[in-house]
Amino acid sequence: MSPHSREYVTAPAERAWDTVVISPHFDDAALSLAGLLIRGTGHTAVVTVHGGAPKTGAAPSWWDSVCGFSSPDEAYESRVAEDARACALLGAEQVLLPHPDGPYRPEGEPLTALEEFLDALPPQTRVLVPLGTNQPDHTAVREQAMAALAALGRDTPWVYGDLPYTGAGPLWGTDDADKDLAVNTECGSAYQRLSGEYRLDVVHDIRLNDEEWAVKRAAVLAHASQLAALATDHGNYLRHPGPLQYERVWAAGPRQPATTAPAT
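The residue count restarts for each chain, going from 1 along the sequence in the order it is written. Two thresholds apply to this predicted model, a pLDDT of at least 70 for residue-level local features and 80 or more for giving and counting side-chain atom pairs, whereas whole-chain, interface and lining totals are computed over all residues. As a rule here, side-chain values cover all heavy atoms of the structure and leave hydrogens and water aside.

## Some details on the environment of Ala218
What counts as a helix is a DSSP run of H or I of at least four residues, what counts as a strand is a run of E of at least two, and both are numbered from the N terminus. Considering the arrangement of structural elements, one finds Ala218 in helix α8 (residues 210–221). Separated by 188 residues in the primary sequence, Ala218 and Ala30 place their C-alpha atoms 9.3 Å from one another.

This is how it looks when you write it as structure tokens:
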């Protein structure tokens, strides 16, 4: 394990992270938030929810086979090492929760380690969760994390646009990104559902300069085993300029009750 890494046991309060990025899979934090981490978020952990090893003897998933792996163990070991390199580039501590990736765990099985992890965090830790655009694992992580934090009476987490999924719209990276997500039928459904429950206020609208992009690109390229397979669905997502150069984070707050006009 890299010095930036730790296997999951618990999240004792003395870790005292300022920021915790909840990353459903090994590449999501680098793809979605590298620019924010580069700019500084204090003592930060990137917590991969599906960071556990698959059961011995499992057949490789469709995704792992498309990425060129002959066994789940080979894929897992490669991705742990890739993620450690990316976290080191971004100055974050790598934390792995023991849930295997989606294809290797029973459908609908709760993410119990995620809830335990959040329960043990100091209340002042800033937590960021994925929006969950067009990716069921991302949606499940966000929903469970938000429910767990609400049950604990903690602050509602910040929500980040998970890339490249959320960045597929034509107005991503512009001042009208939210307006597009509010009506976009291809990549806006998660935003639309969440904005129906919460008021979403932009807290980070990040547009990377060339120097920042070079660092983010290196962190994304650290996840080499998955890049070609991602391109089959997302095209030239690594292009310059392109969607990964823009990052967006929202604070989810309570919606104001509708007001009614006084009777006349």
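Next comes the rest of the write-up.
## So, the packing of aromatic side chains
For Phe, Tyr and Trp, rings pair up if their centres lie within 6.5 Å, where Trp contributes its six-membered ring, and each pair is then called stacked (planes under 30 degrees apart), edge-to-face (over 60) or tilted (otherwise). Considering all chains together, one arrives at 4 aromatic pairs under this definition. Seen in terms of ring centroids, Tyr191 and Trp250 are 5.7 Å apart; in terms of plane orientation they differ by 55 degrees. Their pairing is tilted. Within this pair, whereas Tyr191 is found in helix α7 (residues 189–197), its partner Trp250 is found in strand β8 (residues 246–254), the two being separated by 59 residues in sequence. Here Tyr191 matches Trp250 in class, with each residue buried. Accessibility here uses a 1.4 Å probe with only protein chains present; expressed as a share of the type maximum, an area under 20% marks a residue as buried, one over 50% as exposed, and anything in between as partly exposed.

## As for the nonpolar core
The tendency in soluble globular proteins is for nonpolar side chains to be buried side by side. Among the buried residues, those of types Ala, Val, Leu, Ile, Met, Phe, Trp, Tyr and Cys that are joined through side-chain atoms within 4.5 Å form a nonpolar core. Membership of the largest hydrophobic core comes to 67 residues, with the highest contact counts inside it found for Val20, Ile22, Val47, Leu114, Phe117 and Leu118. Of all the elements, helix α1 (residues 28–39) adds the most residues to this core, at 7 residues. By the convention used here, residues are in contact when the closest approach between their heavy atoms is within 4.5 Å. Sequence-distant contacts of Val20, that is, excluding residues within four places in its chain, are made with Ala45, Val47, Phe117, Leu121, Thr125, Arg126, Val127 and Leu128.

## Focus: empty space enclosed by the protein
It is a probe the size of a water molecule, rolled over the atoms, that shows where empty space is left. Only protein atoms enter the 1 Å grid used here. Points where a 1.4 Å probe fits but cannot escape make up a cavity, open sets with protein on both sides within 12 Å along at least five of seven lines make up a pocket, and a residue lines them when an atom lies within 4 Å of a point. Grid points are joined across faces, edges and corners, and a volume is the space filled by probe spheres set on the points. Counted according to the given criterion, the structure contains 1 cavity of 30 Å³ or more. Size it by volume and the largest cavity reaches roughly 40 Å³. Forming the walls of the largest cavity are Phe26, Ala29, Ala30, Val46, Asp83, Ala86, Cys87, Leu90 and His223. Taken together, the elements giving at least two residues each to the lining of the largest cavity come down to α1 and α3 (72–90).

## Some details on helix α5 (residues 136–151)
What a helix is expected to span follows from its residue count: subtract one and scale by 1.5 Å. Between the first and last C-alpha of α5 there are 22 Å, a value that for 16 residues agrees with the 22 Å anticipated at 1.5 Å per step. Turning to α5, its buried residues are His138, Thr139, Val141, Arg142, Gln144, Ala145, Met146, Ala148 and Leu149. In this structure Gln135 caps α5, since a side-chain oxygen of it lies 2.8 Å from the backbone nitrogen of Asp137. Two residues or fewer after α5 comes Gly153, characterised by a positive phi angle close to 75 degrees. Any N or O atom pair separated by 3.5 Å or less is treated as a polar contact, with the protein-specific requirement of one donor-capable and one acceptor-capable atom, and with residues adjacent in sequence counted only for side-chain atom pairs.

## Side note on the layout of surface pockets
Here the largest pocket is characterised by a volume of approximately 610 Å³. Taken together, 36 residues make up the lining of the largest pocket; nearest its centre are His25, Asp101, Gly102, Pro103 and Asp137. Residue classes follow a fixed rule: Ala, Val, Leu, Ile, Met, Phe, Trp, Tyr, Cys and Pro count as nonpolar, while Asp, Glu, Lys and Arg count as charged, and any other residue, Gly among them, counts as polar. Of the residues assigned to the lining of the largest pocket, the class counts are 16 nonpolar, 10 polar and 10 charged. Looking at the second largest pocket, its volume works out to about 220 Å³. Forming the walls of the second largest pocket are 15 residues, and the residues nearest its centre are Pro164, Gly167, Ala168, Gly169 and Pro243. Taken together, the residues that form the lining of the second largest pocket break down as 8 nonpolar, 5 polar and 2 charged.

## Notes on the environment of Asp178
Topologically, Asp178 is positioned in helix α6 (residues 177–181). Its relative accessible area of 14% is what places Asp178 among the buried residues. Separated by 124 residues in sequence, Asp178 and Pro54 have C-alpha atoms that sit 38 Å apart. Once you skip the residues sitting within four places of it in the chain, Asp178 turns out to touch Tyr191, Val202, Arg248 and Trp250.

## Some details on the pairing of strand β2 (residues 19–23)
Burial runs high along β2: 5 of the 5 residues are buried. Both faces of β2 are covered, namely the face carrying Thr19, Val21 and Ser23 and the face carrying Val20 and Ile22. Here β2 pairs with strand β3 (residues 44–48) via 5 bridges, running parallel. The residue of β3 that forms the bridge with Val21 is Val46. Handedness of the β-α-β unit built from β2, α1 and β3 comes out right-handed. In this sheet, strand β5 (residues 126–130) lies alongside β2 in parallel orientation, the contact comprising 3 bridges. Paired with Thr19 across the strands is Arg126, a residue of β5. In this scheme, strands are said to pair when DSSP sees at least two bridges between them. Think of it like this: strands point away, you trace from the first strand over the helix to the second, and a clockwise trace means the crossover is right-handed.

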